[in-house]
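Notes for the structure review
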Amino acid sequence: SRGRWKRLRSVEGSSLTTGPHIVPKRLKSGPAWYIYAWRGGPLVRKVEGAKKPKPSVDDWAKITAARAELVSDPTETVGKALTAFRASGYWKSLATGTRKTWGAALDRVEAKWGKAPLKALDDPRMKPKVVAWRNSMATTPRTADISVMVLAKLFEWAVLEGHMIHNPAIGIPTIYRPDGRAAVIWLPEDLEAIKAVAEQPLQDAVDLAVLTGLRRADLVALRWDEVGDLAIHRTAAKRSRGKRYTVSLPRLPELDLLLDTLRGRPRKPNVETVLVNSFGMPWTGDGLASSFHHARKRANDGAGIWHSERDPVTGEEQRTPKRLHDLRGTFATRIMTQSKANLTNSEVAGIMGWSVEQVDQIRKRYVDDKAVVVELTRRLSGSV
């Protein structure tokens, strides 16, 4: 068929012809290697140890089977469509972080629908089935929404390739409500608690996040040539509406001292990132996240660091662990409280990439209300 010929041609011109892809990993148990059938292909085997392994006879058998699976008819099952999707040009055009997030979602899709005939899902009447699957993951709303979104992207690709006519996963509303974290920030006591148990490289990352508001992917990738005299200019790792935008962040006065300190950190030759890990190498996103989660868990004598809210009606306390991403809110409060700048909510929203409503919520909770209470206290005490 035409689709099979296109896939075969894709295989001949892809990295499949270069053999297996062997990637080093650093696990808690020590160094390890992951052998993939090809770059971006399925995992064949995990090997522990410092020495780079060579594919065995069994590995080559699995690689051959994976290649045969790739060029088989992807209209037979959802699982085969997944394999072809992972080898498509669309998949390869995605950022590494996006492929990782989507890959985990595709694993969930395969666990649920992998053996189902693709034609069985090529029906608008399957939408309630997809909704039911989403609802089965409702305890983790973000996971549920991402899973449905990636399933919709898979079916969108299948429609464009001529393998399906209908996309039953499109148009399903999300269940995650991000506004619930709009006013979550790290307070001074939180920063003190995590830095008390964090190693120096993680302390540096936390400090840089507080003074720049950068997302994790941009924190680990920020280079010295992106740090200007008055601002930081960086092409953001995160896409917005399919595009990457240049982030321009003002340099707070406190940042100058931190940057001078970071320049003096031991680093390997030719390492140009602002942050380095304990080996003098650039952080990876996963490495920073792992170190952060470990330190947060140990903070406050093992009690962790939490954001607490009480239901105004029932009084029930709801606690969620504070995230690395919430340090962006801390940066937002800093640029709001620079007395000489006096930035408007709209200006802060433009810097942060937030809505004006999100900025207003943070300002009311952590900036304006605090200032009002301080002023009332001064007046009541007769000091003014």
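A brief structural summary. None of these values were measured; they are calculated from a predicted model.

Contact geometry for helix α3 (residues 78–86) and helix α8 (residues 141–160): axes closest at 11 Å, N-to-C directions at 85°. Taken together, the axes of α3 and α8 lie roughly perpendicular to each other. The segment α3 lies against α8, with Val78, Ala81, Leu82, Ala84 and Phe85 engaging Lys153, Leu154 and Trp157. Looking at the contact of α3 with α8 residue by residue, the class counts come to seven nonpolar, no polar and one charged.

Moving on, we get to the packing of aromatic side chains. Scanning the entire structure with this criterion turns up seven aromatic pairs. On the basis of an interplanar angle of 65° and a centroid distance of 5.7 Å, the ring pair of phenylalanine 85 and tryptophan 91 is categorised as edge-to-face. With a relative accessible area of 0%, phenylalanine 85 lands in the buried category. With a centroid separation of 5.5 Å and an interplanar angle of 55°, the aromatic rings of phenylalanine 85 and tryptophan 157 are classed as tilted. You can see phenylalanine 85 sitting in helix α3 and its partner tryptophan 157 sitting in helix α8, a full 72 residues away along the chain. Among the residues examined, tryptophan 157 registers a relative accessible area of 9% and is labelled buried. Grouping aromatic residues by their ring pairs yields a cluster made of Phe85, Tyr90, Trp91, Trp102 and Trp157. One Lys or Arg, lysine 25, reaches over the ring of tyrosine 34 and ends 5.6 Å from the middle of that ring.

Looking now at the pattern of salt bridges. The full count for this structure, using the stated rule, is 15 salt bridges. For the salt bridge of aspartate 218 with arginine 234, the shortest nitrogen-to-oxygen distance reads 2.9 Å. Here arginine 234 lies in strand β4 (residues 231–240) and aspartate 218 lies in helix α11 (residues 216–221), a separation of 16 residues in the sequence. An identical accessibility class is assigned to aspartate 218 and arginine 234; each is buried. Ionic pairing is found between aspartate 256 and arginine 251, a salt bridge with its closest N-O pair at 2.3 Å. Taking the relative accessible area as the measure of exposure, aspartate 256 reaches 35% and is therefore partly exposed. Sharing partners across several salt bridges, the network here consists of Asp218, Arg223, Asp225, Glu226 and Arg234.

Quick look at the environment of glutamine 318 now. With respect to the helices, strands and loops of the structure, glutamine 318 is situated in strand β7 (residues 317–321). For the pair glutamine 318 and histidine 307, spaced eleven residues apart in sequence, the C-alpha separation works out to 8.2 Å.

Turning to the pairing of strand β2 (residues 30–36), a few remarks are in order. Buried residues dominate β2, accounting for six of its seven residues. Looking at chain direction, strand β1 (residues 21–27) and β2 are connected through seven bridges and run antiparallel. What sits directly across from valine 23, in β2, is tyrosine 34. Hairpin remark: β1 followed by β2, antiparallel, with two residues in the connecting loop. Bridge count for β2 against strand β3 (residues 43–48) is five bridges, and the pairing is antiparallel. From the neighbouring strand, alanine 32 faces β3, where its bridge partner is glutamate 48.

This next bit is on α3. In terms of residue burial, α3 counts as a mostly covered element, since eight of its nine residues are buried. All buried positions along α3 are accounted for by Val78, Gly79, Lys80, Ala81, Leu82, Thr83, Ala84 and Phe85.

Turning our attention to the sheet that holds β3. Read across the sheet, three strands follow the order β1-β2-β3 without closing on themselves; strand pairing throughout is antiparallel. The open sheet has two edge strands, β1 and β3, and neither has a second partner. Recorded for the sheet is a direction-independent mean angle of 25° between the axes of neighbouring strands.

Scoring rules and cut-offs
- Residues numbered from 1 in each chain as written.
- Predicted model: local features only at pLDDT ≥ 70, side-chain atom pairs only at ≥ 80, totals over all residues.
- Heavy atoms only, no water.
- Axes fitted to C-alpha atoms, helices over the stretch in contact; angles between N-to-C directions.
- Helix = DSSP H or I, 4+ residues; strand = E, 2+ residues; numbered from the N terminus.
- Parallel < 35°, antiparallel > 145°, perpendicular 65-115°, else oblique.
- Contact = heavy atoms within 4.5 Å.
- Nonpolar A, V, L, I, M, F, W, Y, C, P; charged D, E, K, R; others polar.
- Phe/Tyr/Trp six-rings, centres within 6.5 Å; stacked < 30°, edge-to-face > 60°.
- Buried < 20%, exposed > 50% of the residue type's maximum accessible area, 1.4 Å probe, protein only.
- Lys NZ or Arg CZ within 6 Å of the ring centre and 35° of its normal.
- Salt bridge = Lys/Arg side-chain N within 4 Å of Asp/Glu carboxyl O.
- Pairing = 2+ DSSP bridges.

As far as function goes, none of this settles anything; it's purely spatial.
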